[in-house]
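Analysis of the macromolecular model
For reference, the chains in residue letters:
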Amino acid sequence: MDIGSSKEKTLTFYVNGLKVVEKSPDPKWSLLFYLRTKYLTGSKVVCNEGGCGACTVMISKYDPKQDTILHYSVNACLTPVCSLHGLAVTTVEGIGSLKTRLHPVQEQIAKSHGSQCGFCTPGMVMSMYSLLRNYPQPSMKDIEKYLEGNLCRCTGYRPILDGYRAFSKKGIQYDPTQEPIFPPELKINNEKYRNEFLEFTSGKQTWFRPVNLSQLVELKHQYPHSKLVVGNTEIGIEMRLKAMKYTVLIDVSDIPELVEVKDKILELLLNKIDSIPEEKTRSFTAIVEMLKWFAGKQIKNTACIGGNIVTASPLSDLNPVLQSLGATLQLTSSANSSRNVVMDRAFFTSYRKTVIKDTEVLHSIFIPYTSKNEYVSSYKQATRKDDDTAIVNTGMRVVFNENSNIIKELYLSYGGMAPTTVMATGTMKKLVGRKWENDLIPVACEALAEDLPLQPDSPGGTIEYRRTLTTSFFFKFYLSVIQQLSIMGLTKSPPQSEMSAIETPDYGSTEGNQFYEKVSEAQAIDNPIGRPIVHQSAYQHATGEAIYVDDMIPLKGELHVYPIYSSKAHATLVSVDFKPALELEGVVGYIDYKDVPGSNILDVPQEQLLAIDEVTCVGCLIGGVVAVSSDIAVEASHLVKVEYKTQDKPVILTIQDAIEHKSFWKDPKITACGDIDQGLTHCDHVLKGEVHIGPQRHFYLETQSARAIPKERHGMDLYSATQCPDTIQTGVASCIGVASHLVNCFTKRVGGGFGGKEVQCLYTGCLAALAAKKYDKPVRCVLERQDDMVITGGRHSIYVKYTVGFSTEGRISVLDINLYVNCGDDLDVSEPVIDNTIYRLDCAYKVANVKITSYLCKTNVRSNTAMRGAGNIQAMYIMENIIQHVIDHLRSDPIKIREMNFYKEGERTHVNQIIENCFIERCWQECLKTSDYYNRKKKVDQFNSENRWRKRGISIVPLCYGNSFGLKMLNQGAALVSVYKDGSVLIAHGGVELGQGLHTKMIQVACATLGIQYDMVHIDQTATNTVPNGTPTAASVSSDLNGMAVKIACEKILKRLEPIKSEKGTEWKDWVMKAYSERIALSDTGFYSQPNLGYIAETGCTNTFYYYSFGAGCSEIEIDCLTGVHKVLRTDLVYDCGTSMNPAVDIGQIEGAFITGYGLLMLERYKVSSTGNVITRGPGNYKIPSLTNIPGVFNVSLLKNSPNKTAIFSSKCVGEPPLLLSMSVFLAAKQAIMAARQESGVEGYFRFDSPATPDNIRMACVDQFTKQFPICEDNNVKPWFVKL
Ligand SMILES: Cc1cc2nc3c(=O)[nH]c(=O)nc-3n(C[C@H](O)[C@H](O)[C@H](O)COP(=O)(O)OP(=O)(O)OC[C@H]3O[C@@H](n4cnc5c(N)ncnc54)[C@H](O)[C@@H]3O)c2cc1C
Ligand code: FES
Ligand code: FES
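Residues numbered from 1 in each chain as written. Chains lettered and ligands numbered in written order. Predicted model: local features only at pLDDT ≥ 70, side-chain atom pairs only at ≥ 80, totals over all residues. Heavy atoms only, no water.

1. Some thoughts on the site of ligand 1
Taken together, 29 residues lie around ligand 1, and Val-230, Thr-233, Glu-234, Asp-317 and Leu-362 are the ones closest in. Leu-228 has a polar backbone atom sitting 2.8 Å from an oxygen atom of ligand 1. Note that a nitrogen atom of ligand 1 is positioned 2.8 Å from one of the backbone N or O atoms of Leu-362. Protein chains bury 92% of the 990 Å² of accessible surface belonging to ligand 1 in isolation. Of all the secondary-structure elements, those providing two or more residues to the shell around ligand 1 are β9 (227-229), α10 (235-241), α15 (305-311) and β15 (361-366). Sorting elements by how many residues they give to the shell around ligand 1 places α15 first, with four residues. For the shell around ligand 1, a count of residues per class yields 15 nonpolar, eight polar and six charged. (Near = heavy atom within 4 Å. Polar contact = N/O pair within 3.5 Å; in protein donor to acceptor, adjacent residues only side chain to side chain. Areas by Shrake-Rupley, 256 points an atom, 1.4 Å probe, with all protein chains shown as cover. Helix = DSSP H or I, 4+ residues; strand = E, 2+ residues; numbered from the N terminus. Nonpolar A, V, L, I, M, F, W, Y, C, P; charged D, E, K, R; others polar.)

So, in structure tokens, the structure goes:
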């Protein structure tokens, strides 16, 4: 057959109603790349791997069979442009805009405070929009399902869900007829578009789109190594992240025989399940159960089953079920012949290989019905329950002899236990002929252990957990089958409490309440202080009109620089060969240390910017490749050849390594009060213990980004996503060797910082500036997610050895603590971070005798840096773990012990500061009451006594948080307020808008001070040429510092207007005009420095903090003891915001911070291999909380009637302290585990380190299954990832 003739070489599709005709599209273009190069920058690049949803757009196509338009959300980053022929794309810009009209979906997320930094917002909007186009009146479950594939690091999801709740059944009536119509031309010419055989070639890659099966098999014959593309969710990742090169891609999405059921597989199976007797469709039910946990909505919308099978990933979700079912595949090849292949144990031949030949196409799958005596189950365990690839999964099927419980056939297939999906053949054989009763379990466990061995250093790690899962899953299967058999009277039913192993509770949709004080009726209507004003940029976020660094339209000739970084943890740099990169078309040149005209040593972090002869971590910068486009720069960066010599360079990664090698940055620092030795002599009890808290990554959605534009006199303008423009200004000036006044840094907004852009923003800033200097062109440097996670550091892990002394009642009087902090390969801001831990280690508790010895560990991991609650959450973790140790030891009431140790008004802390206006007790009591703690504790105990395999825990923790930068000089703020002749006001201040609503609050301050309306005031950006020497936007104090400065500047202007104001009948605009005509200055600066910090002679105290914030948090959790999965059932937070300046912004900060803390303690695990390589580089393997992780009930109350006289408008800071309340979840989990351990007769205190990921929870729930796989203690084994 000739497939060479009549191929169409032009691609036609629509974007937002406009026709796009591309003459020779490049097969490697993703839709996201394409849209953004056409200046449709609303869709954001966050991960480029389908894992975050920030690039979500909607695709619409005409379905001639049903004469209907189908709409579905997709990740634009994984959608090849070439696959869009005859389709319509709708982006966030296409549904509404501030220039025309807002779409209700955009309006709703903005109005409900569902956007903070706004980087995730366009994606959220488009997921919700796609849902409404399909279901104009969705249920909350639908909304959650559609948003499952969208991540947000700021909001904690609650306001997004709440906002969109309005569209659910009883809310906003959404009218789809108001939407833009599907392009009529696509409908009219549908047949033409569908029947065109496409061929696009660019460079070395060709894209074919055959339109029938015979064309396809012919192509497959001609190009046996070609890849078929359906969802591109495997191929796309392989090409992008695994550098696989495929020269021929064949789009099969329009071949009717292959996509017959693709769009409706779930629907089809569910229909069958509903319409056919249950006993026949157990196989379908098992598949449906697996699909429930399969990826997020956007992936589900595009990925096909064939892709899952043929890729043959050992973590495929469908392969274990299909293999256990013995599904048959029909394969077609060019000879017009087809053959059937059964997915039996011979099907998978090696890693990602099957018996399917290169020339064969998977045509159809035959899934057998089940019979009356046949049962099937499927189980999947992932780190995050939803939208995550499996750790272990399984499909299990058993067939019994007629009317008996004797096993006739058994099929057990597992994923995640070998390089392929495997069958536990030994176990299957051994169990056939046996009765399905209790004796089976130990035999099965022993056989499974033999069938599914894992070496201690196997890829994936968590060896013991994975092995335990194999038997735990079997136990679940056993119980689910025995339940059926007992109903039929074929065996005895197990005790009811055992059945908790197989219950799948429906936790319902998330709900929550927010309580705050409304402003008094006497307050002027225009005075916005205390009102829930919407974020200044919320509408721009929702429409995609908000501009971030990489959204800026490039200047003529703008270049891109991409970093070259070390792939060795510690090595001598032998040579760096840029030649192969320079040969790539579009590459302009490179930079390395020789191109640094100024200082190659950064100020903070105190490190070499570009390595000269040594690299000290994976991620160490070596240089950069400069090219005409970002994709060429990235590609070229991979071509640079770096030669290392690793001999004689020890690799120290973990704290334990550092202790062993005595690798410390400085001598230990001792902080003490009282007398430890003396104190211990008065203690009834003394305990010793250890705790470790793991690291965390910022996972801001906008990666590190900067643009540098050279200007006159060797100066440079920088546009940077930084938390501190001053850092960029000073760092870049020093690096390019000019005075600071020749460098400006501008920051309009940042797509999330969380501390990661406080100093480490310098990497991209300096690279861009150096390249701009060398090539005298504007240069942009924007990191890809997978490199951002390597080049930048994160939260410090800390290991602690402690001695605690206390009385029999539980009064703690001695704490002796050795604190080891993993700083990494540079000190960065580790010293202030560890000071935070030291100063706040007391938490809410008075301890008379304290000694803290802190060690700064020098390791070969990327230098750790500031991160939201830096050092503070570690302090809370350490102290609360110690308190819990005391409680467990005394077997006492956690409430009583905590209360007994609370600070009282006027007491001094261990660093000699007086606690004033102490609201610990007030917050605590309110939290006990609002959470209904005591009643719920009883119910938890009741639940635990009735359920063997599900356990609950409830815990409440107090918060006492001193506010201020530890470094006194940073506690200053500055502002410039300019009043224009029309009365409008422009503010500039030293703080950066990171999503935290700082600009919104500053506008509120100006309005309230000047007495003008909110829309009269604007903040454009933060810039070093308007407000110099700005303090980093960090440590939660930016509103305090800059707010005061804005107020002072406004008051100065007001004072000058005083004489004019007295004229009757005039108002603001008249005063301003009059002042102008009388030559009165209409702009002024404000400067504020927090008073009374440092040593205070009158009290003999040292005030490290300006004031304290208080709070309390109560959380209840449920765990599945057999898998380690948990669900936070409810959280109640009480937080003391003083008099909130903006309750909506403040509650948003509380919820967002809490969920970030939850991520640290319960979910996120940053993995580094034993050679120092970073394993977790993106959302695919680094799991931040998604919306299903948030508490089922999430209540937040702002403490009423608690004005803070010392800060701006009586408010208190909020960005970080509530993060610490997430400790309540961790301790609740520990309690639940303790209840599980008690069932196995294991009593009392146990060490349990964060994160409480499923593997850690599972292995701590000691039982017969975990005991079978004791943790490997062999020090010679190099684990797959190390405990940093
Ligand atoms: C964010 C994300 C989340 C994911 N989550 C999960 C998950 O939870 N569980 C899971 O199992 N997987 C998951 N995956 C992996 C992936 O989505 C699935 O494997 C999916 O089924 C692949 O289908 P596709 O259409 O995208 O395949 P493509 O990438 O289009 O193709 C994959 C391979 O299949 C071959 N192929 C496709 N169709 C045929 C055919 N008819 N005949 C012969 N060969 C064919 C292609 O040649 C290619 O080699 C995830 C992927 C991403 C990016
Ligand atoms: S950028 Fe596309 S899913 Fe993350
Ligand atoms: S608002 Fe969602 S990531 Fe910032």
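Resuming the write-up.
2. Things to note about the nonpolar core
Counting 305 residues, the largest nonpolar core has Tyr-414, Trp-436, Phe-474 and Trp-1068 as the members making the most contacts within it. Tallying contributions element by element places helix α19 (residues 463-487) first for this core, with twelve residues. (Core = buried A, V, L, I, M, F, W, Y, C linked by side-chain atoms within 4.5 Å. Buried < 20%, exposed > 50% of the residue type's maximum accessible area, 1.4 Å probe, protein only.)

3. Quick word on the UniProt feature "binding site: [2Fe-2S] cluster 1" (unreviewed entry) in the chain
As annotated in UniProt, the feature "binding site: [2Fe-2S] cluster 1" (unreviewed entry) corresponds to Cys-47, Cys-52, Cys-55 and Cys-77 in the numbering used here. A stretch of 31 residues holds the annotated residues, and the largest C-alpha distance among them is 10.2 Å, short enough that they meet in one place. Within the secondary structure, Cys-47 sits in the loop between α1 (31-37) and β4 (56-63). Beyond its immediate stretch of four places on either side in the chain, Cys-47 contacts Cys-52, Arg-785, Gln-786 and Pro-1179. Among the secondary structure elements, Cys-55 is positioned in the loop between α1 and β4. (UniProt positions renumbered as here; feature names shortened; annotations may be inferred. Contact = heavy atoms within 4.5 Å.)

4. Concerning the sheet that holds strand β26 (residues 641-645)
Spatially, three strands are ordered β24-β22-β26 in an open sheet, and the strand pairing comes out antiparallel. A strand with exactly one partner marks an edge of an open sheet, and here the two such strands are β24 (614-615) and β26. Both strand β22 (residues 571-577) and β24 contribute to a ladder of two bridges, which runs antiparallel. Each residue of the ladder has a partner; that of Thr-572, found in β24, is Glu-614. (Pairing = 2+ DSSP bridges.)

5. As for the packing of aromatic side chains
Applying the stated criterion across every chain yields a total of 39 aromatic pairs. Both rings, one in Tyr-933 and one in Tyr-934, keep their centres 5.3 Å apart while their planes meet at 85 degrees; by these two values the pair is edge-to-face. Looking at Tyr-933, the relative accessible area reads 3%, which means it is buried. Linked through ring pairs, Tyr-375, Phe-400, Trp-436, Phe-474, Phe-477 and Tyr-478 together constitute an aromatic cluster. For the cation-ring pair, Lys-44 lies above Phe-119, with the distance from its terminal atom to the ring centre recorded as 5.8 Å. Lying across the ring of Tyr-1076, Lys-981 places its NZ or CZ 5.0 Å from the centre. (Phe/Tyr/Trp six-rings, centres within 6.5 Å; stacked < 30°, edge-to-face > 60°. Lys NZ or Arg CZ within 6 Å of the ring centre and 35° of its normal.)

6. A few points about the pairing of strand β46 (residues 1193-1198)
Burial of β46 is extensive: five of the six residues sit out of reach of the surface. Relative to β46, strand β20 (residues 514-515) runs parallel, the two being bridged by two bridges. Counterpart to Gln-514 in the pairing with β46 is Val-1196. Of the strand pairs in this sheet, strand β45 (residues 1126-1135) and β46 are connected by six bridges, and their pairing is parallel. In the strand pairing of β46, Val-1134 is matched with Ser-1197. As a crossover connection, the stretch from β45 through helix α36 (residues 1143-1162) into β46 is right-handed. (Right-handed = clockwise from strand over helix to strand, strands pointing away.)

7. Some words on the sheet that holds strand β6 (residues 88-90)
The five strands are arranged β3-β2-β6-β4-β5 in an open sheet whose pairing can be described as mixed. Of all the strands in the sheet, just β3 (18-22) and β5 (68-75) have a single pairing partner and so form its edges. Each adjacent strand pair in this sheet contributes to an overall mean axis angle of 30 degrees, direction not counted. As paired strands, β4 and β5 are joined by eight bridges and run antiparallel to one another. Paired with Thr-56 across the strands is Asn-75, a residue of β5. (Axes fitted to C-alpha atoms, helices over the stretch in contact; angles between N-to-C directions.)

8. With respect to the UniProt feature "binding site: [2Fe-2S] cluster 2" (unreviewed entry) in the chain
Within this structure's numbering, the places UniProt gives as "binding site: [2Fe-2S] cluster 2" (unreviewed entry) are Cys-117, Cys-120, Cys-152 and Cys-154. Of the residues just listed, which span 38 residues, no C-alpha pair is farther apart than 9.4 Å, and they cluster in one region. Its place among the elements puts Cys-120 in the loop between α3 (104-111) and α4 (121-134). Look at Cys-120 and you get buried, because its relative accessible area is 7%. The residues contacting Cys-120, other than those within four sequence positions of it, are Leu-151, Cys-152 and Leu-701.

9. A short note on the pattern of salt bridges
In the structure shown here, the tally under the stated rule is 63 salt bridges. Between Asp-162 and Arg-165 there is a salt bridge; the shortest N-O distance is 3.2 Å. Note that Asp-162 and Arg-165 are positioned in helix α6 (residues 158-165) at a spacing of three residues, about one turn of the helix. Of the residues examined, Asp-162 reaches a relative accessible area of 23% and is grouped as partly exposed. (Salt bridge = Lys/Arg side-chain N within 4 Å of Asp/Glu carboxyl O.)

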